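Given next are the chains, with one letter for each unit.
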Amino acid sequence: MNESLLQYIWKFRLYSYLHLKTLCGKEIIVRQSGTHNLHQGPDFINARIEIDGTVWAGNVELHILTSHWDVHKHSDDPNYRNVILHVVWKHDRNISVSFPTVEISPYVAKSMLHRFSLMMNNKQF
């Protein structure tokens, strides 16, 4: 897994979103995944996420591991003040943030990952 693939999965909603939950067990409905940000700051801006019936508007940051939030020092960067959701491939440890985290890997079909791997290994692709 790499961050570009994770961004692709999030952008095109290539995950099972029917029973998506935060690490704390709160239900998430992705109303708008946001606009992919190709500049400095969070990966997706202007997202709309419903968490346990409350709609939040703001930014979404994606990482392979939860701990990458601290590794990248996002807590010290004002560009990340409006993050409403942290999407990670794998939850490796708790971090001190005021917004929820979702581990997305259980919601992604293994067959999709296999197809992507085949495409990436195809020299014509």
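Structure's up top.
Notes on the structure follow. From a predicted model like this one, the values you see are computed outputs, not experimental measurements. (Residues numbered from 1 in each chain as written. Predicted model: local features only at pLDDT ≥ 70, side-chain atom pairs only at ≥ 80, totals over all residues. Heavy atoms only, no water.)

**Brief notes about the overall build of the chain**
Point 1. Each helix and strand counted, the chain has 3 helices and 6 strands in total.
Point 2. Mapped from its N terminus to its C terminus, the chain presents α and β elements in the order α-β-β-β-β-α-β-β-α.
Point 3. Seen through its principal axes, the chain has C-alpha atoms that stretch 45 × 30 × 25 Å.
Point 4. Within the chain, the proportion of its 125 residues that are buried is 41%.
Point 5. Here the analysis covers contacts within the chain between residues at least 6 apart in sequence; of these, 48% occur between residues at least 24 apart. (Helix = DSSP H or I, 4+ residues; strand = E, 2+ residues; numbered from the N terminus. Buried < 20%, exposed > 50% of the residue type's maximum accessible area, 1.4 Å probe, protein only. Contact = heavy atoms within 4.5 Å.)

**Some thoughts on a nonpolar patch on the surface**
Point 1. A surface patch of nonpolar side chains, amounting to about 280 Å² of accessible area, comprises Tyr-8, Phe-12 and Leu-14.
Point 2. Along the chain, Phe-12 turns up in the loop between α1 (3-11) and β1 (28-32).
Point 3. Residue classification places Phe-12 among the partly exposed positions, given a relative accessible area of 45%. (Patch = residues over 30% accessible without salt bridge, like charges linked within 9 Å, V, L, I, M, F, W, Y side chains within 5 Å. Areas by Shrake-Rupley, 256 points an atom, 1.4 Å probe, with all protein chains shown as cover. Salt bridge = Lys/Arg side-chain N within 4 Å of Asp/Glu carboxyl O.)

**Observations concerning unusual backbone geometry**
Point 1. In the Ramachandran plot, Asp-52 falls in the positive-phi region, its phi being about 50 degrees despite a non-glycine side chain.
Point 2. Positionally, Asp-52 belongs in the loop between β3 (44-51) and β4 (54-65).
Point 3. A positive phi is found at Lys-73, a non-glycine position, where the angle reads about 60 degrees.
Point 4. Structurally, Lys-73 is set in the loop between α2 (68-71) and β5 (83-90).

**Concerning α1**
Point 1. Those residues of α1 that fall on the buried side of the exposure criterion are Leu-5, Leu-6, Gln-7, Ile-9 and Trp-10.
Point 2. Backbone nitrogen of Ser-4 and a side-chain oxygen of the N-cap are separated by 3.1 Å at the start of α1; the cap is Asn-2.
Point 3. Downstream of α1 by a residue or two, Arg-13 has a phi angle that is positive, lying close to 50 degrees. (Polar contact = N/O pair within 3.5 Å; in protein donor to acceptor, adjacent residues only side chain to side chain.)

**Description of the side chain of His-63**
Point 1. In this fold, His-63 is placed in strand β4.
Point 2. For His-63, a relative accessible area of 0% puts it in the buried group.
Point 3. A polar contact is formed between the side chain of His-63 and the side chain of Glu-61, at a distance of 3.2 Å.
Point 4. Not counting chain neighbours up to four residues away, the residues in contact with His-63 comprise Glu-3, Leu-6, His-68, Trp-69, His-72, His-74, His-86, Val-87, Val-88 and Trp-89.

**Topic: the side chain of Glu-61**
Point 1. Among the structural elements, Glu-61 can be located in strand β4.
Point 2. Buried charge without a salt bridge: Glu-61, with Arg-93 as the nearest opposite-charge side chain at an N-O distance of 14 Å.
Point 3. Looking at Glu-61, its side chain comes within polar contact range of the side chain of His-74, at 3.2 Å.
Point 4. When sequence neighbours within four positions are dropped, the list of residues in contact with Glu-61 reads Gly-41, Pro-42, Asp-43, Trp-69, His-74, Tyr-80, Val-83, Leu-85, His-86 and Val-87. (Lys, Arg positive; Asp, Glu negative; His and termini not counted.)

**Brief notes about the pattern of salt bridges**
Point 1. Summed over all chains, the structure comprises 3 salt bridges.
Point 2. Close ionic contact of Arg-31 with Glu-50 constitutes a salt bridge, the shortest N to O distance being 2.3 Å. Of the two residues, Arg-31 is situated in strand β1 and Glu-50 in strand β3; the sequence distance between them amounts to 19 residues.
Point 3. A relative accessible area of 14% means that Glu-50 is categorised as buried.
Point 4. The partner of Asp-70 in a salt bridge is Arg-93, and the shortest N-O contact between them spans 3.2 Å. Here the residue Asp-70 occupies a position in helix α2, and Arg-93 occupies one in the loop between β5 and β6 (101-103), the gap between them amounting to 23 residues.

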